[in-house]
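Architecture at a glance
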Amino acid sequence: MIAENHAAVAKRLMVTSSPHIHSGLTTARVMWEVNIALIPLLAMAIYNFRFYALTVIFASIAGACIAEFAIQKFFFKTKPALADGSALLTGILLALCLPPTIPAWIAFTGGFVAIAFGKQAYGGLGQNIFNPAHIGRAILLASWPVYMTSWIKPGIDAVSTATPLAFLKDSLKDAGLLASLSESGKTAVEHTMLTLNISFSDMFLGMGLAGSIGETSKIAVLIGALFLFIRGHIRLYAPISMILTVFLGAYFIGNNLNFAIFHLLAGGLMIGAFFMVTDMVTSPMSRRGNVLFGIGCGIITLLIRLKGGYPEGVCYSILIMNAFVPLIDKMFAPPKFGTGGNK
Amino acid sequence: MLAPKTFSGGLHPPTIKTTADKPIIALPMPDRVILHVSQHKGAPAKTILKITDKVACGDKIAVAGGFVSAPVHASIAGTIIGAGNFMHPMGVPSQAVVIERDKEAHMTEYNYEDGLALSPEEIKQRIQESGVVGLGGATFPTHVKLTTNDTSKLDTVILNGAECEPALTTDHRMMLEHPDEIINGLRLVMKVLNVKKGIIAIENNKMNAIELFDKKLAQDKEIVVQPLITKYPQGGEKQLVAACLKREIPSGKLPLDVGVVVLNVTSAAYISYGVNYKMPLIERTVTLSGNCVKNPGNYLIRLGTTVANFIELAGGLKDDVPVKKIIMGGPMMGFGLFDLNVPIIKGTGGILCWDENEAAMPGSTNCLRCGNCESVCPMGLQPQLIKKHTDHRNWEDAFRLSVMDCIECGCCAYTCPAVLPLVQNMKLAKHMIHQQSIKDRKK
């Protein structure tokens, strides 16, 4: 009975401030579910690039996890939090943005610097300004540009080839080629797809085209994104505004629907839009902020693709827009109750 | 039935209302009660009796200590055996009177008199004398809500039957078992305020209550039943007014400023008792639930009964399930008890006795900037930003971000994937700013 021993009961009572319940959706749970959402992409990567993909994925994950463990243990002297799955996530995301043929040690280095410079240098989880996986990729691209821009066609024989975007860019630079194309009435996009022997459905499914191991299959990205959306981990304001910006921008600049669809399906736009732009840590919080963020990413992507030195601009566009996130958040504070802003 | 309405923000915690089908059971009287003079918002009541004084049940033992205050009545007949500082459930010692029951004392009898025949002033007078406060937990003295110099702006009285807190079912049971008293209480208040429109707002997870009131009020032209979409914190005063009438109460203002008076349904029932029977508020319904409780249910208990005594009268705790946490109130806004010798007060809607599993909370990590707290905040605040300032004890910047508007509903902390103490920090900031403003006033 409680009267006799209520003093004993009181002694072991846990006293905390409200609320006394939690949704159960913790950081680790979010991270692991994003990892699960990447399984279709990993499967497609391994299907397309076999041993190359496996090597890159394992090397990148190893680099990321070792950096996370070592820095937390020896530098911050805290209990390493590998179990929350965030280092694994960075490792996988970086691997998916790498070409299949880069040596394992480069992928390892990429994973290591992604965590070391992209995340832990800022103070760890949640503190970083830039997307860690893209920091890793940017550093690799600057350090080993040749390895980072060599591509192969999927298949056992590993034939060297160009990515659709790189081929298109080169075609557009070649004045003689453009002149002969306009005589035969073909566009540069048609020439690219014909030469590389790919169709739009190939580009959508990720069959037979060169590129980073995770960016070729759009359907795999969409399946993962759908899972995340249903689980409530991503909001679609930023990805959709980024994709729409690229699509509409390409349509009006190229004045050609095929040109727009090509830009939609080529390169890392989809994986960037659904897995990098939606990164909670490095994206704005408000709905309007996310729309602006997505539009910014889209514009910079197009600028780099059409006017810049690189064939692909998703990585840099997201990194550049990451820097604006604090400003965007300041611009779009939520409407306070009682000020007439709520509807 | 009208189409259900709601407000923007908020979320859906698990309802865990396992006691919704348990009728209210009146528990025997306790042998001893501890009656705090501060069971309401505002000035504490002033005691008017001394030790060894004999009191009958319902006698006033403390008078209102100001305008925003409420009297306290003896909830059992007996002798005053103690007075002084006793632990308040909120965790601070505060003045209280202890009464020991006289088992031979006669039951106080209350005679019926039609309250609606009285003048508005008389009704208000009786409400004030009965010591009724907001029984939903806010405990704001009811008569203060009914006092306004300018009744011309006032057009609606809303009865709050949302009961959005998980686990609590007392308002639900009151609505099912005492609908006539609740409607009568609403009519009395409408008469006092000379208002022609009454709304009984009920969340649509209590369909039986909505249907019951719909049936009872089918012919009524003044009172409507407004179903609400089940969402927390639907029962917050500001959220309720926004949902029912699309009116936003500005920062620092009261429902009166937008022409509305909001009362809890249980308060309405006790208004009816207070006016028609002159019966003061000496008892209330309390939900007892949780895995450690032998007989979970809804109980009618005298105010001032200690929590230990209440649990015992209701059947006690299970012997084989060790209790880990005892909450007074609901899981979202109630407070964890540190001692079982604190009394049930006017604002106590529930006692939850939780075992290890129910009380378990995940550990904290860093903020992920996910924005969940912002999107669920029903007041449109930025909890994660406020926390950055409160972490550095920067109360000025927290104030600048309108931390004082926080209604402490706990949505932000509930939804935070990093399990950060967001609302907890905001409560601290509010307290510190309040202390500072008192200090500044003294200068």
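Above this note sits the structure.
Residues numbered from 1 in each chain as written. Chains lettered and ligands numbered in written order. Predicted model: local features only at pLDDT ≥ 70, side-chain atom pairs only at ≥ 80, totals over all residues.

1. Brief notes about the overall build of chain B
The helix and strand inventory of chain B stands at 14 helices and 17 strands. Computed over the C-alpha atoms, the radius of gyration of chain B is 21 Å, within 12% of the 22 Å expected from 2.2 N^0.38 for a compact globule of 443 residues. On the principal axes, the C-alpha backbone points of chain B span a range of 65 × 55 × 50 Å. Across the 443 residues of chain B, 55% fall into the buried class. Nonlocal contacts in chain B, meaning residues at least 24 apart in sequence, comprise 73% of its contacts between residues at least 6 apart. (Helix = DSSP H or I, 4+ residues; strand = E, 2+ residues; numbered from the N terminus. Rg over C-alpha atoms; globule rule 2.2 N^0.38 Å. Buried ≥ 20, exposed ≤ 12 C-beta atoms within 10 Å, placed from the backbone. Contact = placed C-beta atoms within 7 Å.)

2. Notes on the sheet that holds strand β16 (residues 335–336) of chain B
All names here are of chain B. Strand order across the open sheet formed by six strands is β1-β14-β13-β17-β15-β16, with mixed pairing between neighbours. Two strands in the sheet have a free side with no partner beyond their single neighbour: β1 (24–26) and β16. Bridge count between strand β15 (residues 323–328) and β16: two bridges; the pairing is antiparallel. What sits directly across from Met328, in β16, is Phe335. On top of the sheet, helix α3 (residues 170–177) reaches β1, β13 (283–289), β14 (297–302) and β17 (350–355); it is set at about 125 degrees to β13, its chief contact. (Pairing = 2+ DSSP bridges. Axes fitted to C-alpha atoms, helices over the stretch in contact; angles between N-to-C directions.)

3. Examining the packing of helix α6 (residues 132–143) of chain A against helix α17 (residues 314–331) of chain A
Residue and element names in this part refer to chain A. Following both chains from N to C, one finds α6 and α17 inclined at 125 degrees, their axes separated by 10 Å at the closest point. Put simply, α6 runs oblique to α17. Judged by the twist between their axes, the crossing of α6 over α17 is left-handed. Where α6 abuts α17, its residues His134, Arg137 and Ala138 lie against Cys315, Tyr316, Ile318 and Leu319. Partitioning the contact of α6 with α17 into residue classes produces five nonpolar, one polar and one charged. (Parallel < 35°, antiparallel > 145°, perpendicular 65-115°, else oblique. Left-handed = near helix turned anticlockwise from the far one by under 90°. Nonpolar A, V, L, I, M, F, W, Y, C, P; charged D, E, K, R; others polar.)

4. A look at the interface of chain B and chain A
Listed as interface residues are 55 residues of chain B and, on the opposing side, 37 residues of chain A. For the side of chain B that touches chain A, the elements supplying multiple residues, two or more each, are α8 (307–313), β15, β16, α13 (411–415) and α14 (422–442) of chain B. In terms of residue class, the side of chain B that touches chain A is made up of 31 nonpolar, 14 polar and ten charged.

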